[in-house]
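# Fold and geometry: a report
One letter stands for each residue in the lines below.
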Amino acid sequence: QGHLSRFLAFGLGLSVTAVESDSRLAGLAERFDQELLRELEKTRGLGQERRPRRCQNNPPCPLTAQAPRHVAGRLDPAAPGGEFLLPPDPPRPGPAARNPLGGPGGSEDGGRVLLTGLHACGDLGPALLCHFARSPAVAAVALAGCCYMKLSTAPRPPSCPPGYPLSASVAALPGHQLSYRAREAACHALEEYEGRLRGGGTHLRAHCYRAVLESLIRTADPSKRHLGLQPGRKAHTLSFPQYAHLGLPLAGLDPAGIPLDSGAVGAMLEQQHKVVAFFTLGQLLAPAVESLILLDRLLYLREQGFHCALVPLFNPRFSPRNLVLVAARAPLATVLAGLEEDSEDGDSSEDGDSSEDEDLG
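Residues numbered from 1 in each chain as written. Predicted model: local features only at pLDDT ≥ 70, side-chain atom pairs only at ≥ 80, totals over all residues. Heavy atoms only, no water.

Another aspect to go through is the pattern of salt bridges. Applying the stated criterion across every chain, the model contains 10 salt bridges. Among the salt bridges present, the one from Asp33 reaches Arg6, with a minimum N-O distance of 2.7 Å. A residue pair is termed long-range when its members are at least 10 positions apart, and Asp33 in helix H2 (residues 23-45) and Arg6 in helix H1 (residues 3-11) qualify at 27 residues. One exposure class covers both Asp33 and Arg6, and it is buried. As a salt-bridge pair, Arg31 and Glu35 come within 3.9 Å of each other at their nearest N and O atoms. Of the two residues, Arg31 and Glu35 both sit in helix H2, 4 residues apart, roughly one turn of that helix. (Salt bridge = Lys/Arg side-chain N within 4 Å of Asp/Glu carboxyl O. Helix = DSSP H or I, 4+ residues; strand = E, 2+ residues; numbered from the N terminus. Buried < 20%, exposed > 50% of the residue type's maximum accessible area, 1.4 Å probe, protein only.)

See the structure below:
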């Protein structure tokens, strides 16, 4: 919905173009921009005496009226820089959007750009890194990944590596393959789960519910695997039949045709302690999995001669995806020195050192 682009444009006065694959969200982001512009106009009309105290007797507040530009489209990781923009899904009415990086110098105004992905899901993260590597007009990239289970792992032509592994170094390692379960576990919030485990509350019930539901789904239709079902945030407050009546339709199944109160279901529900133990073991291994994925991306950039680093930008309890991969065509020492001074975590070193307390799940 454009929150990051809105902050960068209005709060920092930067020229920002945001690419969103869902045309409905791009339209919603534009609506939020207009609402903020109207609020800014009201604030300017209040006069100096009504300005916020921090702005009185000082230069104008940093908020500007330079709204971001929202482009509805998808990225094609296999296409060169000038052709990577695909139509949005669903299609957006009106003329097709121009590629924001398709100008003579790489950007529309011929200037160099910073490519940013905040929680870039699945192959979107590797696509941004490949685009940076192939496009001289992209001066730098800053990437926080997400949804590692959606990474492609099948071999591709050399010009377009899979989402994992990206680097030749990791691809050459025996046993580097990561299962769907391993990549999915790396997306969870380790710190949050630790709190739930210590509390021993009913929240842990949801893990068993999801495991039983998965068993019922596969019995009804073996082709349905790894479905991203979200029956609700308060699933632990429901009985299992209530939970299943919400979840099965999301998998395209009719709850009326599946026995939810059978002895087999009851026996599975009694195994909650084993499900929690299995899930906990996965959480303990999650940091190693995400470390491998992130270091693979860093090595991919290093193999091509770029300056890069993994920066623990903030406390993982604020957001579990706290490790940001930054890369540039010029040395990062000056930029990272500034980050190190401002960061409470304090540990950011060039070419890939990451802190031991990084959240990796």
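Quick look at the UniProt feature "signal peptide" (unreviewed entry) in the protein chain now. What UniProt calls "signal peptide" (unreviewed entry) maps, in this numbering, to residues 1-21. Regarding residues 1-21, the helix share stands at 43% and the strand share at 19%, and the terminal C-alpha atoms are separated by 11 Å. (UniProt positions renumbered as here; feature names shortened; annotations may be inferred.)

Okay, the nonpolar core next. Within the largest apolar cluster, 30 residues are counted, with the highest numbers of intra-cluster contacts made by Leu129, Phe132, Ile293, Tyr300 and Leu301. Broken down by element, this core gets its largest block of residues, 6 residues, from helix H10 (residues 272-303). In this view, Leu301 contacts Leu129, Phe132, Phe306, Cys308, Leu325 and Ala327; residues no more than four positions away in its chain are not counted. Judged by nonpolar contacts, the second largest core, of 17 residues, contains Cys208, Leu216, Ile217 and Leu253. (Core = buried A, V, L, I, M, F, W, Y, C linked by side-chain atoms within 4.5 Å. Contact = heavy atoms within 4.5 Å.)

Taken N-terminus to C-terminus, the directions of helix H3 (residues 124-134) and H10 make an angle of 10°; their axes are 11 Å apart at the nearest point. Taken together, H3 and H10 sit at an angle that is classed as roughly parallel. Together, Pro126, Leu129, Cys130, Phe132 and Ala133 of H3 and Arg297, Tyr300 and Leu301 of H10 make up the contact between the two elements. (Axes fitted to C-alpha atoms, helices over the stretch in contact; angles between N-to-C directions. Parallel < 35°, antiparallel > 145°, perpendicular 65-115°, else oblique.)

Position of His176 among the secondary structure elements: in the loop between helix H4 (168-171) and helix H5 (180-185). Non-local contacts of His176, meaning those with residues more than four positions away in its chain, are made with Tyr164, Pro165, Val170, Ala171 and Leu292.

The 4 strands are arranged E5-E6-E8-E7 in an open sheet whose pairing can be described as mixed. The outermost strands of the open sheet, each flanked by one partner alone, are strand E5 (113-121) and strand E7 (307-312). Geometrically, the sheet is characterised by an average inter-axis angle of 15° between neighbouring strands, direction not taken into account. Bridge count for E7 against strand E8 (residues 323-328) is 6 bridges, and the pairing is antiparallel. Counted as the bridge partner of His307 is Ala328 from E8. Each of strand E6 (138-146), E7 and E8 is contacted by H10, which is oriented at about 160° to E7, the strand it contacts most. (Pairing = 2+ DSSP bridges.)

Take the packing of helix H6 (residues 190-199) against H10 next. Each pair of packed helices gets described by two things: the angle between the helix axes and the distance between those axes. H10 packs onto H6 with a crossing angle of 150° between their chain directions and a minimal axis gap of 11 Å. With respect to their mutual orientation, H6 and H10 come out roughly antiparallel. The two elements H6 and H10 cross, and the hand of that crossing is left-handed. Together, Leu190, Tyr193 and Leu197 of H6 and Val276, Phe279, Thr280, Gln283 and Pro287 of H10 make up the contact between the two elements. When the residues that make up the contact of H6 with H10 are grouped by side-chain class, the tally is 6 nonpolar, 2 polar and no charged. (Left-handed = near helix turned anticlockwise from the far one by under 90°. Nonpolar A, V, L, I, M, F, W, Y, C, P; charged D, E, K, R; others polar.)

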